[in-house]
Every structure is written in C-alpha cells, then in structure tokens.
Amino acid sequence: MNIVPDSDRGRSSVKLKLATIVVQCLSSADCAECRAQAIDGSSPFEQAPRSGGQPETRPRSLPSLAVMVLRLYGDLLSQPTRAIAIFLEVNLIDYELHFLSLTKREHKSPEFLAINPRGQIPALVDDGFNLAESATILRYLASTRSVSDHWYPADARKRARVDALLDWYHTNLRNTAKYVFSRALQVLVFKLPEPTYEEVKKHEKDMTDALNYLETTLLTREGPFLLGESEPSIADVLIGCEVTQLKLLPKRDCEAILDSRPRIRNWLQELEIALGPHFARFHVRVDSTAKFLESKRSKL
Ligand SMILES: N[C@@H](CCC(=O)N[C@@H](CS)C(=O)NCC(=O)O)C(=O)O
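Here goes a summary of the coordinates provided. What you see is a predicted model, and the numbers here were worked out from it, not measured in a lab.

**Details of the overall build of the chain**
Broken down by element type, the chain carries twelve helices and six strands. Looking at the chain as a whole, 38% of its 300 residues are labelled buried. Residue pairs at least 24 apart in sequence account for 71% of intrachain contacts in the chain once pairs closer than 6 positions are excluded.

Here it is as structure tokens:
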C-alpha cells in the first residue's frame, strides 16, 4: 500500500495539496494492512481510507505517469462516496481514493472546486474527464468498464427500472441524510448550531415516508434485490449506503427503524453478502463514528 500526497505523484491533472491523501493499494494482499490503517486512525474523522482492490497488474516500478488511474474524491462518511468505492472494489476496477475531509471543508478548496464547482463529494476524474453526481458516476462506470450486466442492465426496460430507482433515491430517500445529519452529526461532529425542532421533525417525516415506500413497495419483488433479481444493481449499492448512515443515530433509534422494517433489514444483509468484505471495510469509518457519537451522547 502506498500513501502519498497527491503533489508527489507527478500527475498533470489538478493537484490537491494538503487536502488530498492518496491511499493506494496495489495488491489485494495489502488489504489487511489497509484495514488496520483505517481502524487505527487518530480520530474517526481523520482516518485515512484505502483504495484500489485490483490485484497487481503492473510492476510497482513503472512510472506513475504511464497509467492515468481513475480518481475518486470523497470521504467515507459520505454515503455516495462509499457506494462508488464499493462498486469499484467489487468490480476490481483500478482507482485511487483521494480523501477529502468534510469536517475540514476540504471539498470547498479551490483545487477541488476546479474538479467539481458544486464543491460536493463524490467526484470522479477519469483521464482528465471530471464527473460529479453519484448516480451518474455509477452509470458512467458501469457503462465504460467491463462489469456484469446485473449492475446496469443493457436491456432498455431493466435499465430504465434502475434509472427510476436512482431518480427516486435522489428526491426521496436521500432526505434520510438530512435527518441523520441534523440528529447525529450537525452539533457533535460539525460543531454547527443546533437544528430547530421543526427542522428535525420535517426531515424525520421525509425519511420515514421514503423508508416506508422502500419497505412496502420497492422491496416486495421476488428476488432479494431491488429489481427483483438475484444480484444487485448500482441502485442497490447507492440506496444501501444511504440506509447504513442510520447507524449514526442513537443505537436504539437505528434498531427501532430497522426492526419495524424487516424487508429493509434482510435486503441490507443480502447486500452485505453480495458485496463481500468491501461493504464492511468501507463502513469502518461510519462504525467508528457511531461509537464516538455514542460515547459523546453518554456524557451529555
Ligand atoms: N447529488 C449529489 C449529492 C452529493 C452530496 O450531497 N455530497 C455531500 C456529502 S455526502 C457533500 O458534499 N456535502 C457538502 C456540501 O454540500 O457542501 C450526489 O449524489 O453526488
């Protein structure tokens, strides 16, 4: 595993100075080391992510300029960043994860704004081509890399079903993020003023409506995944990584939400099995942040 500041890599695209750390794992044998690195970070908010699950395909001595490795910019506290990283890992797509700390507002640096003027993560750079918006990034990767059809089917109708799920996600379930942020992260992690009661209630209602729709309508098809198939699509990964953000709520609240929605719980378990160790590995930071929050709350 190489951990190198972006500025040392001699690439021609935009460089993020202090903001960017590349954690590059060129060998699958390094993964335990990577995991240890992620767990041992100084605080849940500064842990370095790891990246690149592809078995080594080129000698390490090859000059880095020879291959324009795909770059993913993000923070593993960000649900869509996790989804894309997991998708890349599961499909053995070589990439580098450039860590931008949301708490340090590194996503608002001029260097990153040159990549995504919206100043939001995740963002992708593919050989000089910059792309934002998680659903679009996933579609792009599934369309430009050699991945199994189930991720984003070639069949127009099946593909349209995936697109519909991704569109639904953005205008509905994504509201879960606002609830979790206002209840769990806003004060204790981001040191922002308390949200109002009305704000929290509004976010809670939006989240509840979306989770209920997922439970009672979307997850009623035959197979374990959202399309009713036996293998997941990109929509399962993106939506799944949003639901796992609930872990940041007080534990009893998260459990109550999932206990009352058994289909969502089962689907998450199926997803974790389908995505293998990558799912847990890319949730290490969520898990450590959840622990940090529980300990903070116990002292309030
Ligand atoms: N529609 C965008 C939303 C991305 C988004 O909301 N990213 C969050 C982190 S999960 C972010 O960058 N927040 C900081 C900000 O908006 O300033 C996508 O799906 O990629």
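Don't stop here, the text continues.
**Some thoughts on helix H5 (residues 156–171)**
For H5, with 16 residues, the first-to-last C-alpha span of 23 Å sits near the 22 Å given by 1.5 Å per residue. Taken together, the buried positions of H5 are Val 162, Leu 165, Leu 166 and Tyr 169. Mapping the buried residues of H5 onto a view down its axis gives an arc of 95°, with all of them on the same face. Across from the buried face of H5, at angles greater than 90 degrees, the exposed residues are Ala 156, Arg 157, Ala 160, Ala 164, Asp 167 and Thr 171. On its buried face, H5 is in contact with helix H4 (134–144) and helix H8 (234–243).

**Here's the deal with the packing of helix H2 (residues 79–90) against H8**
The contact between H2 and H8 brings their axes to 8 Å, and the two run at 140°. What the angle tells us is that H2 and H8 run oblique. As for how H2 packs across H8, the hand of that crossing is right-handed. Between H2, through Gln 79, Pro 80, Arg 82, Ala 83, Ile 86 and Phe 87, and H8, the contact on the second element is made entirely by Ile 234, Val 237, Leu 238, Cys 241 and Glu 242. Split into classes, the residues belonging to the contact of H2 with H8 amount to eight nonpolar, one polar and two charged.

**Focus on the site of the ligand**
Close to the ligand lie Ser 78, Gln 79, Pro 80, His 107, Gly 119, Gln 120, Ile 121, Pro 122, Glu 133 and Ser 134. Along the lines of polarity and charge, the residues of the shell around the ligand split into three nonpolar, six polar and one charged.

**Focus: the pairing of strand S4 (residues 95–99)**
Burial within S4 is extensive, with five of its five residues counted as buried. A two-sided burial pattern is seen for S4, the buried positions comprising Tyr 95, Leu 97 and Phe 99 on one face and Glu 96 and His 98 on the other. Examined bridge by bridge, strand S3 (residues 70–74) and S4 share five bridges and lie parallel to one another. Looking at S4, one finds that Tyr 73 is bridged to His 98. Each parallel crossover has a hand, and the one from S3 via H2 to S4 is right-handed.

**As for the environment of His 283**
With respect to the secondary-structure elements, His 283 resides in the loop between helix H11 (277–281) and helix H12 (284–298). For His 283, a count of 20 C-beta atoms within 10 Å puts it in the buried group. Linking His 283 and Cys 241, residues 42 residues apart in sequence, is a C-alpha distance of 8.9 Å. Contacts of His 283, omitting those with residues within four sequence positions, involve Arg 82 and Thr 244.

**Remarks on helix H7 (residues 197–216)**
The end-to-end C-alpha distance of H7 is 28 Å, a good match for the 28 Å that 20 residues give at a rise of 1.5 Å each. Inspection of H7 places His 203, Met 207, Ala 210, Leu 211 and Leu 214 among the buried residues, and these make up the whole buried set. Angularly, the buried residues of H7 cover 100° about the axis, an arc narrow enough to put them on a single face. Seen from the buried face of H7, the exposed residues on the opposite side, beyond 90 degrees, are Tyr 197, Glu 198, Lys 205 and Thr 216. At its buried positions, H7 is contacted by helix H6 (175–185), helix H9 (251–259) and helix H10 (262–275).

**Brief notes about the packing of H8 against H10**
Remark: H8 packs on H10, axes separated minimally by 11 Å, with the N-to-C direction vectors making an angle of 120°. Relative to H10, the element H8 is oriented oblique. By crossing handedness, the relation of H8 to H10 is classed as left-handed. Only Ile 264, Leu 268 and Leu 271 of H10 make contact with H8, whose side of the interface consists of Asp 236, Gly 240 and Val 243. Its residues placed into classes, the contact of H8 with H10 shows four nonpolar, one polar and one charged.

**Overview of the pairing of S3**
In terms of residue burial, S3 counts as a mostly covered element, since four of its five residues are buried. In terms of strand pairing, S3 meets strand S5 (residues 123–126) through three bridges, oriented antiparallel. Paired with Arg 71 across the two strands is Val 125, which belongs to S5.

**As for unusual backbone geometry**
With an omega of 5°, the peptide bond running from Ile 121 to Pro 122 counts as cis. Its place among the elements puts Pro 122 in the loop between helix H3 (110–113) and S5. Backbone geometry places Asp 127, a non-glycine residue, at a positive phi of 50°. Residue placement: Asp 127 occurs in the loop between S5 and strand S6 (129–132). Look at Glu 133: it is not a glycine, yet its phi comes out positive at around 80°. Position of Glu 133 among the secondary structure elements: in the loop between S6 and H4.

Reading the values: rules and limits
- Each chain carries its own residue numbering, running from 1 in the written order of its sequence.
- Totals for whole chains, interfaces and linings use every residue, but because this is a predicted model, local features are given only for residues with pLDDT of at least 70 and side-chain atom pairs only at 80 or more, for both listing and counting.
- The helix count covers DSSP runs of H or I at least four residues long, the strand count covers runs of E at least two residues long, and both are numbered beginning at the N terminus.
- With C-beta atoms placed from the backbone, the exposure class of a residue follows from how many other C-beta atoms lie within 10 Å of its own: 20 or more, buried; 12 or fewer, exposed; in between, partly exposed.
- Residues are scored as being in contact if the C-beta atoms we place from backbone atoms lie within 7 Å.
- In this scheme, a helix's expected span is set at 1.5 Å multiplied by one less than its residue total.
- Throughout, the arc means the angular range of directions from the helix axis out to the C-beta atoms.
- Structural elements are reduced to axes, namely lines fitted to C-alpha atoms, with helices fitted over the stretch in contact, and the angle between N-to-C directions of any two is expressed from 0 to 180 degrees.
- By the definition adopted for this analysis, an angle is roughly parallel if under 35 degrees, roughly antiparallel if over 145, roughly perpendicular if from 65 to 115, and oblique otherwise.
- In this scheme the handedness of a crossing depends on how the near helix is turned from the far one: anticlockwise by less than a right angle means left-handed, clockwise means right-handed.
- Ten residue types, Ala, Val, Leu, Ile, Met, Phe, Trp, Tyr, Cys and Pro, are classed as nonpolar, four, Asp, Glu, Lys and Arg, as charged, and the remainder, Gly among them, as polar.
- Note on definitions: a residue is near a molecule or strand provided its C-beta atom, placed from the backbone, lies within 6 Å of it.
- Whether two strands pair depends on DSSP finding at least two bridges between them.
- With its strands directed away from the observer, a crossover is right-handed exactly when the path from the first strand over the helix to the second travels clockwise.

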